[in-house]
Amino acid sequence: MVEIEKNNKKNGTFLFSQGTLFLGLWLCGFREGYWGNCTVPTTASAYPSLPLGPYFNLHKPSLYSKPSKYTSLVINGHRRICDLFDLHQEQVPYEVAWSWQKKIVSEKKAQVEREGDCTDTLIILQHPSVYTLGTASTEENLKFDVKNAPFNIYRTERGGEVTYHGPGQLVMYPIINLRRYKMDLHWYLRTLEEVVIRVLSSAFSIQASRLEGLTGVWVGNEKLAAVGIRVSHWITYHGLALNVTTDLSPFKWIIPCGIRDRQVGSIKGLVREGKLCVGHGTPDLYKFDDASLIHITHKSLIEEFSQTFQLEYCYKNISALHCMEGNKSS
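Residues numbered from 1 in each chain as written. Predicted model: local features only at pLDDT ≥ 70, side-chain atom pairs only at ≥ 80, totals over all residues. Heavy atoms only, no water.

This part takes up the overall build of the chain. Scanning the chain for helices and strands turns up six helices and 15 strands. Within the chain, the fraction of its 330 residues that count as buried is 54%. Of the contacts formed within the chain by residues at least 6 apart in sequence, a portion of 75% connects residues at least 24 apart. Put simply, the chain shows about 14,900 Å² of open surface, and 51% of that area lies on carbon and sulfur atoms. (Helix = DSSP H or I, 4+ residues; strand = E, 2+ residues; numbered from the N terminus. Buried < 20%, exposed > 50% of the residue type's maximum accessible area, 1.4 Å probe, protein only. Contact = heavy atoms within 4.5 Å. Areas by Shrake-Rupley, 256 points an atom, 1.4 Å probe, with all protein chains shown as cover.)

Shown next, in the form of structure tokens:
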């Protein structure tokens, strides 16, 4: 789901918390010395694009089961630069990542105002267990007393309903300037879904799909990835969450995304079933442990995101623990 912010509106508010609110992860991310080397993942050529106007080049399709109509673009013959904060092995408290995103968005809007454009940013991480509510959320979709919640609860400014984040779930927060891609929010949502669909196909031979009228990525009746975004002055934040080895039991305490007649699934669950990982030289994935599944999924996510949006990464070295400690001492 999506929420648009055309003018300066109040930020999303913190609803309930049982822990300490950490502010200032962003302070560490922008200190001198965190710039890394720029690189482009070496994967197959990109999918064909929708017609996007004279400033965008189309590309030949790669060898997937079905060509995609979604994005793959190069601007004026060059890939855009994307700062990559790779914290996929760390559990970053939700409030830290949330504050960090909003600070980055503020910086990028100021940069666009000064220079007409900004670099893109991608953050990939995990969260400790937490429930988040979007702008459409109601407490009717919570199956517990909010005064005695099993985990912290946050009401945010993203679109959509209630969802769960926790260990074993990879979360991607793209903060990008849609003016340089396509100023179409449905296009952006479908493109994020396309990234996950490609990951599931290329890394696990899982044939995932969209369901008409619903946001996210599905395998049969199970939702593997949730998508919820906010757009402010055409700068995106929030993003997608993909269940890899996630303990799904916390989803039983909510009606995920407000959808009552569907289930939630994970890559680990599908791999263990052994029914969807077939062909294409896929190894015996059911023998892999949780860490291996996270590693495979993470590697594929950053590669497919780069190829789909035609980005060149500048890796930035930053530790969630380092940032939280730095904030406490500031």
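Confidence along the chain averages 79 in pLDDT terms, with 69% of residues attaining 70 or more. Here residues 6-73 is a poorly scored stretch, pLDDT under 50, and it has 183 contacts once near neighbours within four places are set aside; other chains count. (pLDDT = per-residue confidence, 0-100.)

The subject of this paragraph is helix H5 (residues 290-309). Spanning 20 residues, H5 covers 28 Å between terminal C-alpha atoms, matching the ideal 28 Å at 1.5 Å per step. At the C-terminal side of H5, Gln-310 shows a positive phi close to 55°. (Expected span 1.5 Å × (residues − 1).)

As for its position among the elements, Thr-245 is in the loop between strand S13 (235-243) and strand S14 (263-264). Thr-245 gets classed as buried once you look at its relative accessible area, which sits at 12%.

The next thing to look at is the sheet that holds strand S7 (residues 130-133). Taken together, the three strands give an open sheet; going across it, the order is S8-S7-S9, and neighbouring strands pair in mixed fashion. The open sheet has two free edges, formed respectively by strand S8 (152-155) and strand S9 (163-165), since each of these has just one partner strand. Strand-to-strand twist of the sheet, defined as the mean angle between neighbouring strand axes without regard to direction, takes the value 30°. Relative to S9, S7 runs antiparallel, the two sharing three bridges. Counted as the bridge partner of Thr-132 is Thr-163 from S9. Of the strands in this sheet, S7, S8 and S9 are in contact with helix H2 (residues 94-115), which crosses S8 at around 20°. (Pairing = 2+ DSSP bridges. Axes fitted to C-alpha atoms, helices over the stretch in contact; angles between N-to-C directions.)

Bringing the pattern of salt bridges into the picture now. Within the structure shown, the criterion is met by 12 salt bridges. Of the charged contacts, one joins Glu-194 and Arg-210 as a salt bridge, the two residues approaching to 2.7 Å between their closest N and O atoms. On the criterion of sequence distance, the pair formed by Glu-194 in helix H3 (residues 185-204) and Arg-210 in the loop between H3 and strand S11 (217-219) is long-range, its members being 16 residues apart. With a shortest N-O distance of 2.9 Å, Lys-299 and Glu-303 are connected by a salt bridge. Residue Lys-299 and its partner Glu-303 are located together in helix H5, separated by four residues, close to a single helical turn. Accessibility expressed as a relative area gives 16% for Glu-303, which makes it buried. (Salt bridge = Lys/Arg side-chain N within 4 Å of Asp/Glu carboxyl O.)

Judged by nonpolar contacts, the single largest core of 44 residues is most densely connected at Phe-305 and Phe-309. The dominant element in this core, judged by the number of residues it contributes, is H3, at 12 residues. Setting aside chain neighbours within four positions, we find Phe-305 in contact with Leu-122, Met-172, Pro-174, Leu-192, Val-195, Gln-310, Leu-311 and Tyr-313. Grouped together as the second largest cluster of nonpolar side chains are 23 residues, Ala-97, Trp-98, Val-130 and Ala-241 included. (Core = buried A, V, L, I, M, F, W, Y, C linked by side-chain atoms within 4.5 Å.)

Take unusual backbone geometry next. Positive phi outside glycine occurs at His-233, with the angle close to 55°. Mapping His-233 onto the fold places it in the loop between strand S12 (222-232) and S13. Since its relative accessible area comes to 30%, His-233 is described here as partly exposed. Unlike most non-glycine residues, Cys-257 shows phi in positive territory, near 60°.

All right, on to the packing of aromatic side chains then. Counted under the stated rule, the structure contains 14 aromatic pairs. Ring geometry for Phe-85 and Trp-100: centres 4.9 Å apart, planes at 75°, overall edge-to-face. You can see Phe-85 sitting in strand S5 (residues 80-91) and its partner Trp-100 sitting in helix H2, a full 15 residues away along the chain. A residue is classified by how much of its surface remains accessible, and Trp-100, at 0% relative accessible area, is buried. (Phe/Tyr/Trp six-rings, centres within 6.5 Å; stacked < 30°, edge-to-face > 60°.)

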